[in-house]
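Notes for the structure review
Here are the chains, one letter per residue:
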Amino acid sequence: MKGLAFIAVLATGALLLFAASDFPAWGDKDSPASRHEISRHYITQSMPETSVPNMVTAVLADYRGYDTMFETVVIFTAGIAIIGILGVARFTDRESLEPRAETEPGDRDMIVINTCRLLIPIMQMFALYVVAHGHHSPGGGFQGGVILGASFILWAIARDLPTALRGIKPRRIVFLAALGVVIYAGTGALCLAMDARLLDYSALHVFLPPEAPGAVPNEIMARSHGMLIVEVGVAFTVSAIMFGIYTYLSTMGRLKGGL
Amino acid sequence: MDFLHDILIARLNYWIYVILMMIGLHAMIAKNNLIKKLIGMSIFQTAIILFFVSVGVKDGGTIPIVSHHGHDDAHAETAHADDAGEAAGHVDGHGEIDPDAHDNPLPHVLMLTAIVVGVATLGVGLAVSQKIYREYGTLEENELLEKIRSTDG
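First, a word on scope: everything that follows refers to the structure included in this document. All values reported here derive from a predicted model rather than from experimental measurement. As a convention, each chain's residues are numbered from 1 in the sequence order in which they are written. Written order decides the labels, with chains lettered from A and ligands numbered from 1. Residues qualify for local features only when their pLDDT is at least 70, as the model is predicted, and side-chain atom pairs are given and counted only at 80 or more; totals for whole chains, interfaces and linings, by contrast, use all residues.

**Examining the overall build of chain B**
Each helix is a run of H or I in the DSSP string that is no shorter than four residues. Each strand is a run of E no shorter than two, and both are numbered from the N terminus. Within chain B, the secondary structure is distributed over 6 helices and 0 strands. Starting at the N terminus and ending at the C terminus, chain B contains elements arranged as α-α-α-α-α-α. Three exposure classes are used, based on other C-beta atoms lying within 10 Å of a residue's own C-beta, which is placed from the backbone: buried for 20 or more, exposed for 12 or fewer, and partly exposed in between. Residues counted as buried form 28% of the 153 residues belonging to chain B.

**Considerations on the packing of helix H4 (residues 55-63) of chain A against helix H5 (residues 105-136) of chain B**
Fitting a line to C-alpha atoms yields each axis, with helices limited to the stretch in contact; the angle taken between N-to-C directions then spans 0 to 180 degrees. Direction vectors running N to C along H4 of chain A and H5 of chain B enclose 60°, while the axes themselves pass 9 Å from each other. Classified by the interaxial angle, the pair formed by H4 of chain A and H5 of chain B is oblique. For the pair H4 of chain A and H5 of chain B, the crossing hand works out as right-handed. Contacts between H4 of chain A and H5 of chain B involve Met55, Val56, Val59 and Leu60 of chain A on the former and, on the latter, Pro105, Leu106, His108, Val109 and Leu112 of chain B. When residues are grouped by polarity, Ala, Val, Leu, Ile, Met, Phe, Trp, Tyr, Cys and Pro land in nonpolar, Asp, Glu, Lys and Arg in charged, and all others, Gly among them, in polar. Its residues assigned to classes, the contact of H4 of chain A with H5 of chain B shows 8 nonpolar, 1 polar and no charged. For classification, angles of less than 35 degrees are called roughly parallel, those exceeding 145 degrees roughly antiparallel, those between 65 and 115 degrees roughly perpendicular, and all remaining angles oblique. For any pair of crossing helices, the crossing counts as left-handed if the nearer helix is rotated counterclockwise from the farther one by less than a right angle, and right-handed if it is rotated clockwise. Note on contacts: each residue gets a C-beta atom placed from the backbone, and two residues are in contact if those atoms are within 7 Å.

**Some thoughts on the interface of chain A and chain B**
Between chain A and chain B, the contact holds 51 residues from the first and 48 residues from the second. Put simply, the parts of the chain that give the side of chain A that touches chain B at least two residues each are helix H1 (2-20), helix H2 (32-35), helix H3 (37-50), H4, helix H5 (65-85), helix H7 (141-158) and helix H10 (218-250) of chain A. A total of 10 residues in the side of chain A that touches chain B trace back to one element, the largest contributor, which is H1 of chain A.

The following block contains the structure:
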């Protein structure tokens, strides 16, 4: 059985390596992926069309906004699935949120706790910066959301899980994750209500103040701001689900004890 | 020698992805332990992510972010043109963005979401394995099949 698997894997690898000889060389500017009109359009037109210098953000949240909306839904669904598989959280069970008897928070290492106390606000501020500055530098909702979720996880590791869960209750994890999807889909629906297509943020220009003469037109700025709104929605969902995955997996769904 | 150069040297990156992918695939097929299968799935995903990102690389290209200083008025544009040589020619004399100076953004976008979705699917996989462990007390596939057969029979 194992020999058979090894042969199958070797055959797949050999076929792929055989096909690789037709692939473009490393750094080839004329590779089919780079020569295609769509990627040229993204590189040359994303700045004039959306006023967002970071093309990755522009493609992610605007040109391929529909795709990203459902990526967010996938993450939300994964979080819900984990909660469903590992047992329903006893939302009203106060006892489950009490600190562990064997290790009171005071028993934990003072150095670890105080270091995290200094580190976590900086992490969270950096996460917010990554989300809000994703238009101009590497970053965006997914990256910032993961950093934000990591800061909650760090707190849960440094103290214990019940302490962290008193700050962010299990019910609130689901609420925040759903809120992110609602923000994203709601922005899209708002565009629909403005007689534009779904997620066509330029329709939101009516909410912006009148443009200054010579500045970027409002239709274009609206696309930039619309991206920021949906990135915030993505960050909500991703950070809540990252923390939710940690809390449920580290306790096998009991939400007690943990690491 | 030419053959070796074409296949091995010029496309060494593809060798790395294919070998990583083979490691992952073998772990998913041949390993008995469910956690090891999940580790294999993650290695497989890493290979695909590296492959996609490498497709977007261009010689002399930089990250797909337009070099800009504040808001682009006419003054800023001329400043751009002056330091164009030093800044690898992001913006040429006419303020046009040179497609060859930036990496392809599309693979980056696809992999950005794939990484986060990969984490989410891995989480679901681990949750299912934890549930299986709670029900059957083992994560070894052969022991699992035996226990399922004995409870069925």
